[in-house]
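Structural overview
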Amino acid sequence: MLGKFFKKPSGDNSRVPPGQSLTERFPVLTYGPVPTLKPENIEIRISGLAESRIFTWHELMDLPQTTHTYDIHCVTHWSKLDTTWTGVSIPTLMQHLKLDPAATAVMVHCYGGYTTNLLMDDFNRDLNLLAHTFDGKPLEKDHGGPLRLVVPHLYFWKSAKWVSGFEFLSIDQPGFWERNGYHMRGDPFKEERFDD
Ligand SMILES: Nc1nc2c(c(=O)[nH]1)N[C@H]1C(S)=C(S)[C@@H](COP(=O)(O)O)O[C@H]1N2
Ligand SMILES: [Mo]
């Protein structure tokens, strides 16, 4: 009865996936130790179904740089709107790779041993960044500095911190959290949190 007197909350709720709450903070979620890396020592190793090669930090910085502002969604129920990241977009990086056409999935490897998997269609998107800058400042170590992946359309566990390489695969294989019960894809708007 009273329902009709309540107003819907203002703001654009279509940006907040089901089961998520907004935060102004930027929580840190890391499983295991935090590696300390110097930018000049970073290498991104391309392996699997692609011509193997290594990108040094300087090679990455010489590629065109892209800035995007978008929302991020963590499976632990927080979302943060309008986060601004700068880095090399994945399609830009892909222009410099020689891929075997059989590659349909990617295993993302990280310094420290974390892994996460993505289908090629989820990996090779314009909004995905290999990011070194957050909010105009060098990305903090706890948030994956010097270099992390940002995949905004999937839950944030796919946005691997301290990336060390991309391994191209013909079959989608589970990464660290995916082997431990998380969903293989993780679309926040479909609440793909856990595989059941
Ligand atoms: N290398 C690595 N990347 C990682 C993680 C991790 O433990 N190690 N945690 C993931 C998870 S579960 C989340 S929610 C986000 C958290 O990023 P943040 O700490 O910058 O908020 O990083 C993801 N990337
Ligand atoms: Mo997470």
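Everything here concerns the structure above.
So, here's what we can say about the structure. This one's a predicted model, so the numbers in the text were calculated from it and none came from an experiment.

We now examine the pattern of salt bridges. One pass over the structure, following the stated rule, counts ten salt bridges. The partner of D71 in a salt bridge is R15, and the shortest N-O contact between them spans 2.7 Å. With a gap of 56 residues between them, D71 in strand β4 (residues 66-73) and R15 in the segment before β1 (21-22) connect regions that are remote in the sequence. Accessibility expressed as a relative area gives 12% for D71, which makes it buried. The residue D122 makes a salt bridge to R185 at a minimum N-O spacing of 2.8 Å. Taken together, the positions of D122 in helix α3 (residues 120-123) and R185 in the segment after α4 (176-179) put the pair 63 residues apart, joining distant regions of the chain.

What follows is about the site of ligand 1. Taken together, 20 residues lie around ligand 1, and P27, Y31, H143, R148 and K161 are the ones closest in. Between R148 and ligand 1, the recorded distance is 2.7 Å, taken from a side-chain N or O atom to an oxygen atom. K161 has a polar side-chain atom sitting 2.5 Å from an oxygen atom of ligand 1. Within the complex, the protein chains bury 97% of what would otherwise be the 530 Å² of accessible surface of ligand 1. When the residues that make up the shell around ligand 1 are grouped by side-chain class, the tally is 14 nonpolar, three polar and three charged.

The phi torsion of most residues other than glycine is negative, and most of the peptide bonds are trans. Following G145, the chain continues to P146 via a peptide bond in cis, the omega torsion being 10°. For P146, the position within the fold is in the loop between β9 (137-138) and β10 (148-150). Of note, H77 is a non-glycine position whose phi angle comes to about 85°, a positive value. Note on placement: H77 falls in the loop between β4 and β5 (78-89). On the basis of relative accessible area, H77 is assigned to the partly exposed category, the value being 39%. For D135, which is not a glycine, the phi torsion comes out positive at approximately 55°. With respect to the helices and strands, the residue D135 is situated in the loop between β8 (129-134) and β9.

Rules of the game
Residues numbered from 1 in each chain as written. Chains lettered and ligands numbered in written order. Predicted model: local features only at pLDDT ≥ 70, side-chain atom pairs only at ≥ 80, totals over all residues. Heavy atoms only, no water. Salt bridge = Lys/Arg side-chain N within 4 Å of Asp/Glu carboxyl O. Helix = DSSP H or I, 4+ residues; strand = E, 2+ residues; numbered from the N terminus. Buried < 20%, exposed > 50% of the residue type's maximum accessible area, 1.4 Å probe, protein only. Near = heavy atom within 4 Å. Polar contact = N/O pair within 3.5 Å; in protein donor to acceptor, adjacent residues only side chain to side chain. Areas by Shrake-Rupley, 256 points an atom, 1.4 Å probe, with all protein chains shown as cover. Nonpolar A, V, L, I, M, F, W, Y, C, P; charged D, E, K, R; others polar.

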